[in-house]
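Given next are the chains, with one letter for each unit.
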Amino acid sequence: MTQQPMVLTPDQVNRYSRHIIMGDVGSKGQRNLLGAKALIVGAGGLGSPSAIYLALAGVGTIGIVDFDVVEISNLQRQILHHTSDIGRPKLDSARDNIISYNPDTNVVLHEVRLESHNAREIISQYDLVINGADNFATRYLVNDACYLEGKPLVDGSILIFDGQATLFLPGQGCYRCLFPEPPPPGEVPSCAEAGVLGMLPGLVGTIQATETVKLILDVGTSLASRLLLIDALDMEFRTVKLRRNPACPLCGDEPTVTELIDYEQFCAGASAEASANTVLEISPADFVSQRDSGWSPFLLDVRTSAEEQIVTLPGTDLRVSHLNILIEQHSLPKDRDIVVYCRTGGRSEAVASALSRVGFDSARLFNLAGGIHAWSDQVDSAVPKY
């Protein structure tokens, strides 16, 4: 990390006294925080709480990358911005509000779109990066740039009631180990399309800030090699182990990604691959008929936990949100046929396609055509079409 200041001023001792009296922080740890430089990608839902808590904690330099303006719809969750900031560049609003929390914070603004030609130069100026990007192209870009620059990446994501957080350390795995390929465009909805609980980015962003401070202080057990899964609807927290993939194209034993690429094209390319990947379908009526005749497939529900509470098809073996299916793929059998279902068939088709791309036998993957709506029409009219 960046060299720490030699002496704390009396004002700093007072401001950070609740840190300094902690055995795992102390004067030395607080000086480490003051000397640290953290870059936050995005001044939105995740970047807001991360920036505020890092400033309050005394992280000396906070860089922020953003090029958007404040809109009224941001205020439901983006606590860096106020109603009076509507129409202002987010960076201006972020700077003013961070300084209002801690006037000693050095706020460095990067009012640019983070792209392949500038990402490494910007990231190289900082000790670590907090990723609050809301699109896959930027997420892959930040991951690759951090790895190539040897910078830790504190990653987080949110959608509806679900959140995730982890820490990628150079040499211990990366985002590509978790998600080798981006999903086809439209497969995973954005927060603008599906919504997000306003408090959820506060929760995940605060976890990112906590991991950042722990990393700077070199204390505790980090989320490195672990992924924290948050279900805010049921208020459940789970961690799953992450492992470096020796075949990863970026951090694997024989890397093929050695420089930054065109990430928009990389993510768009997933659409062509998905369209060429035909998914087998089975109607609810045929599914019931064949199962009654002795067929024993694994029935996978890829809806949300809230949908599960409305109705669940009889014989369901497992429910995993379609957003987490690649993370939870180890829970699925590879020696049985798998029938995937959702509300109307769209998400389940995408999941079946994704599973075939990561090694499941496409001849054993079936999408329940029409989902629960078709089940209501063909099998049991008492099943609600919610």
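The numbering scheme is per chain: residues are counted from 1 as the chain's sequence reads. Note on the predicted model: pLDDT of at least 70 is required for a residue's local features to be given, and 80 or more for side-chain atom pairs to be given and counted; whole-chain, interface and lining totals, by contrast, use all residues. Neither water nor hydrogens contribute to the side-chain values; these are computed over all heavy atoms in the structure.

Chemist: Explain the overall build of the protein chain here, please?
Modeler: A run of DSSP states H or I qualifies as a helix once it reaches four residues; a run of E qualifies as a strand once it reaches two. Both are numbered from the N-terminal end. Scanning the protein chain for helices and strands turns up 15 helices and 13 strands. Along the first, second and third principal axes, the C-alpha atoms of the protein chain reach 80 × 45 × 40 Å. To sort residues, take the accessible area from a 1.4 Å probe on protein chains only and compare it with the maximum for the residue type: under 20% means buried, over 50% means exposed, and anything in between is partly exposed. Across the 386 residues of the protein chain, 52% fall into the buried class. Within the structure as shown, the protein chain displays about 17100 Å² of accessible surface, and the carbon and sulfur contribution to it stands at 50%. The positive count covers Lys and Arg only, the negative count covers Asp and Glu only, and His and the chain ends enter neither. Lysine's charge is taken at NZ, arginine's at CZ, aspartate's at CG and glutamate's at CD. Once the 30 positive and 46 negative side-chain charges of the protein chain are each reduced to a mean point, those two points are 6 Å apart. Residue-level accessible areas treat just the shown protein chains as cover; the underlying method is Shrake-Rupley with a 1.4 Å probe.

Chemist: Would you explain the side chain of Thr166 in this entry?
Modeler: Residue placement: Thr166 occurs in strand E6 (residues 162–168). Look at Thr166 and you get buried, because its relative accessible area is 2%. At 2.5 Å, the side chain of Thr166 and the backbone oxygen of Arg226 are in polar contact. By the convention used here, residues are in contact when the closest approach between their heavy atoms is within 4.5 Å. When residues no more than four places from it in sequence are discounted, the contact partners of Thr166 are Leu153, Val154, Asp155, Leu223, Arg226, Leu227 and Leu242. As used in this structure description, the phrase polar contact means that two N or O atoms lie within 3.5 Å; if the pair is within protein, one of them must be able to donate a hydrogen and the other to accept it, and residues adjacent in sequence are counted only when both atoms belong to side chains.

Chemist: Got a minute to help me understand the sheet that holds strand E4 (residues 128–131) in this structure?
Modeler: Across a sheet, paired strands are connected by hydrogen bonds in the backbone, their directions being either parallel or antiparallel. The strand order E3-E2-E1-E4-E5-E6-E7-E8 describes an open sheet built from eight strands, whose pairing is mixed. Since the sheet does not close on itself, it has two edges, and those belong to strand E3 (106–110) and strand E8 (236–241), each with one partner. Ignoring strand direction, the axes of neighbouring strands in this sheet form an average angle of 15°. Here a strand pair is declared whenever DSSP counts at least two bridges between the two strands. Across five bridges, the pairing between strand E1 (residues 37–41) and strand E2 (residues 61–65) is parallel. Bridge pairing in E2 links Ile40 to Ile64. Axis lines are fitted to C-alpha atoms, over the contacting stretch for helices. Their N-to-C directions set the angle, which ranges from 0 to 180 degrees. On the sheet, helix H7 (residues 136–149) packs against E1, E4 and strand E5 (153–159) and is oriented at approximately 170° with respect to E5.

Chemist: Is there a simple way to think about the packing of aromatic side chains in this case?
Modeler: Here a ring pair, both rings aromatic, is described through the centre-centre distance and the interplanar angle of the planes. Side-chain rings of Phe, Tyr and Trp, where Trp is taken by its six-membered ring, are said to pair if the distance between their centres is within 6.5 Å; with planes under 30 degrees apart they count as stacked, over 60 as edge-to-face, and otherwise as tilted. In this structure the tally under the stated criterion is six aromatic pairs. Ring geometry for Tyr175 and Phe179: centres 5.3 Å apart, planes at 55°, overall tilted. Residues Tyr175 and Phe179 agree in their burial class; the two are buried. In this structure an aromatic cluster arises from ring pairing among Tyr140, Tyr175, Phe179 and Phe266. For Lys334, the ring lying beneath its charged end belongs to Phe360, and the centroid distance is 4.8 Å. Throughout this description, the term charge over a ring refers to an Arg CZ or Lys NZ atom that lies within 6 Å of the ring centre and within 35 degrees of the ring normal.

Chemist: Mind showing me how you'd approach unusual backbone geometry here?
Modeler: Apart from glycine, the bulk of residues carry a negative phi angle, and the bulk of peptide bonds sit in the trans form. Positive phi outside glycine occurs at Asp218, with the angle close to 55°. Here Asp218 shows up in the loop between helix H10 (200–217) and strand E7 (226–231). The backbone phi angle of Met235 is positive, close to 50°, even though this residue is not glycine. As for its placement among the helices and strands, Met235 is situated in the loop between E7 and E8. Residue Met235 is classed as exposed on the basis of its relative accessible area of 52%.

Chemist: How should I be thinking about the pairing of strand E10 (residues 298–301) in this particular structure?
Modeler: Consecutive side chains of a regular strand alternate in pointing toward one face of the sheet and then the other. Judged by which residues are buried, E10 turns out to be covered on both faces: Phe298 and Leu300 on one side and Leu299 and Asp301 on the other are all buried. Across four bridges, E10 lies against strand E12 (residues 338–341) in parallel orientation. What sits directly across from Leu300, in E12, is Val340. With two bridges joining them, E10 and strand E11 (residues 318–319) adopt parallel strand pairing.

Chemist: Would you take a moment to explain the environment of Glu115 for this structure?
Modeler: Looking at the secondary structure, you find Glu115 in the loop between E3 and helix H6 (119–123). By relative accessible area, Glu115 is classed as partly exposed at 33%. Note: C-alpha distance between Glu115 and Gly370 (255 residues apart in sequence) is 40 Å.

Chemist: Looking at this model, I keep getting lost on the packing of helix H12 (residues 284–292) against helix H15 (residues 371–378). Mind explaining?
Modeler: Running from N to C, H12 and H15 cross one another at 70°; their axes reach a closest spacing of 8 Å. Accordingly, the angle class assigned to the pair H12 and H15 is roughly perpendicular. Residues Pro284, Ala285, Phe287, Val288 and Arg291 of H12 lie in contact with H15, whose contacting residues are Gly371, Ala374, Trp375 and Gln378. Each residue gets one label: Ala, Val, Leu, Ile, Met, Phe, Trp, Tyr, Cys and Pro are nonpolar, Asp, Glu, Lys and Arg are charged, and the others, such as Gly, are polar. In the contact of H12 with H15, the residues fall into six nonpolar, two polar and one charged. Just so you know how the angles are binned, under 35 degrees is roughly parallel, over 145 roughly antiparallel, 65 to 115 roughly perpendicular, and the rest oblique.

Chemist: Explain the pairing of E6 here, please?
Modeler: Burial of E6 is extensive: seven of the seven residues sit out of reach of the surface. Neither face of E6 is exposed, since Asp162, Gln164, Thr166 and Phe168 on one face and Gly163, Ala165 and Leu167 on the opposite face are all buried. Looking at chain direction, E5 and E6 are connected through seven bridges and run antiparallel. The residue of E6 that forms the bridge with Ile158 is Gly163. Joining the antiparallel neighbours E5 and E6 is a turn of two residues, in which Ile160 adopts a positive phi near 55°.

Chemist: Honestly, the sheet that holds E11 in this entry has me stumped. Any pointers?
Modeler: The strand order across the open sheet built from five strands is E9-E13-E12-E10-E11, with neighbouring strands paired in parallel fashion. Whereas interior strands pair on both sides, the edge strands pair on one side only; in this sheet they are strand E9 (280–282) and E11. Bridge count for E9 against strand E13 (residues 365–368) is three bridges, and the pairing is parallel. Residue pairing across strands places Glu281 opposite Asn367, the latter belonging to E13. Its contacts with the sheet put H12 on E9, E10, E12 and E13, and the angle it makes with E9 is roughly 80°. The strands that helix H14 (residues 346–357) touches are E10, E12 and E13; relative to E13, the one it contacts most, it runs at about 170°.

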